[in-house]
Amino acid sequence: VLAGQTQFTFANYILDASASGEDIKFTNLPLKYTVGGGGLATGLTNCQLYNGATSITTGSNVVNPTTAGPSLMFTFDGTGLIVPKGTAKFLALKCDIPATTPGTYAWGYDVSSNPVAFGATSGQSATIIENGSMGQTMTIVQPGQYFVTDDSTPGYRIVNAGQTGVLLTRLKFSALYEAIDIRQIKFLLSDVGLNTP
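Before going into details, it helps to say that this report is about the structure given with it. Keep in mind the model is a prediction, meaning the values are calculated, not measured.

**Here's the deal with a nonpolar patch on the surface**
Piece 1. A cluster of nonpolar side chains, contributed by Y146, V148, L171, F173, I180, I182, I185 and F187, occupies part of the molecular surface with about 680 Å² of accessible area.
Piece 2. Broken down by secondary-structure element, the contributors of at least two residues to the nonpolar patch are strand 12 (145–150) and strand 13 (171–176).
Piece 3. Mapping L171 onto the fold places it in strand 13.
Piece 4. Residue class for L171 comes out partly exposed when judged on its relative accessible area of 34%.

Structure below.
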């Protein structure tokens, strides 16, 4: 994953009430946050849960992690998130990745998290069946880089004046981490007094 991205999707979660007898209201969702590879817990910022294209953890409910752990709390906006009976909600966890962020990061779920959920009509605590996951490890790399190396440039030789198609140099361009769009190259003769780039 390239550093410097905003609202990159780290994980997806399913809140499934398809077997419920009533609508279920969640007020929060605790998520597992793992950091490795020299990363910092503070390496990710502006973490939010989305229901489709809409963030449901805005304002003071945005999470800026300061520590890794099994139960980082995401509190839903308003009075909570309702999952209608017989349906499921698919939530995406997205965070900003600053340009200087190193390391590996994963958002998962710990079965001992115990989110607060209850029947929207009865008000009774809902029985939640939890499925644990470490989440997918995302390795953060710096934005794309490219390298230029000599690729068999011919040695010194004498050519006839007026000759065309003379091979002067061969350069090799290599890209790292992502495709690079090179739009301009400047060349300079060895005697800079004879030309400009």
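Having put the structure on the table, let's press on.
**Topic: the packing of aromatic side chains**
Piece 1. If you walk through the whole model with that rule in mind, you get five aromatic pairs.
Piece 2. Ring centres 5.1 Å apart and planes at 85° place the aromatic pair F8 and F10 in the edge-to-face group.
Piece 3. Judged by relative accessible area, which is 2%, F10 ranks as buried.
Piece 4. Between Y33 and Y105, the aromatic rings sit 6.5 Å apart at their centres with planes inclined by 20°, giving stacked as the arrangement. With Y33 in strand 3 (residues 28–36) and Y105 in strand 9 (residues 104–108), the pair connects residues that are 72 residues apart, well separated along the chain.
Piece 5. These aromatic residues form a ring-pair network of at least three members: Y33, F74, Y105 and W107.
Piece 6. The lysine or arginine in question, K94, covers the ring of Y50, its NZ or CZ lying 4.6 Å from the ring centre.

**Description of the nonpolar core**
Piece 1. One finds F10, L31, L44, L49, L93 and W107 to be the most contacted residues of the largest nonpolar core, which totals 33 residues.
Piece 2. Among the secondary structure elements, those contributing two or more residues to this core are strand 1 (8–16), strand 2 (24–26), strand 3, strand 4 (45–51), strand 6 (69–75), strand 7 (81–83), strand 8 (88–96) and strand 9.
Piece 3. The dominant element in this core, judged by the number of residues it contributes, is strand 1, at five residues.
Piece 4. Dropping the residues within four chain positions of it, L93 is found in contact with F8, T9, F10, A11, Y13, L31, Q48, L49, F74 and W107.

**Structural notes on the sheet that holds strand 1**
Piece 1. Overall, antiparallel pairing links the four strands, which are arranged 1-8-4-5 in an open sheet. A strand with exactly one partner marks an edge of an open sheet, and here the two such strands are strand 1 and strand 5 (54–55).
Piece 2. Across five bridges, strand 4 lies against strand 8 in antiparallel orientation. Looking across to strand 8, one finds that T45 is bridged to D96.

**Thoughts on the pattern of salt bridges**
Piece 1. Counting across every chain of the model gives two salt bridges.
Piece 2. Two residues, R170 and D151, come together in a salt bridge whose shortest N-O distance is 3.3 Å. Of this pair, R170 sits in the loop between strand 12 and strand 13 while D151 sits in the loop between strand 12 and strand 13, and the two are 19 residues apart along the sequence.
Piece 3. A relative accessible area of 28% means that D151 is categorised as partly exposed.
Piece 4. R183 is paired through a salt bridge with D181; the nearest N and O atoms lie 3.0 Å apart.

The rules we used
Residues numbered from 1 in each chain as written. Predicted model: local features only at pLDDT ≥ 70, side-chain atom pairs only at ≥ 80, totals over all residues. Heavy atoms only, no water. Patch = residues over 30% accessible without salt bridge, like charges linked within 9 Å, V, L, I, M, F, W, Y side chains within 5 Å. Areas by Shrake-Rupley, 256 points an atom, 1.4 Å probe, with all protein chains shown as cover. Salt bridge = Lys/Arg side-chain N within 4 Å of Asp/Glu carboxyl O. Helix = DSSP H or I, 4+ residues; strand = E, 2+ residues; numbered from the N terminus. Buried < 20%, exposed > 50% of the residue type's maximum accessible area, 1.4 Å probe, protein only. Phe/Tyr/Trp six-rings, centres within 6.5 Å; stacked < 30°, edge-to-face > 60°. Lys NZ or Arg CZ within 6 Å of the ring centre and 35° of its normal. Core = buried A, V, L, I, M, F, W, Y, C linked by side-chain atoms within 4.5 Å. Contact = heavy atoms within 4.5 Å. Pairing = 2+ DSSP bridges.

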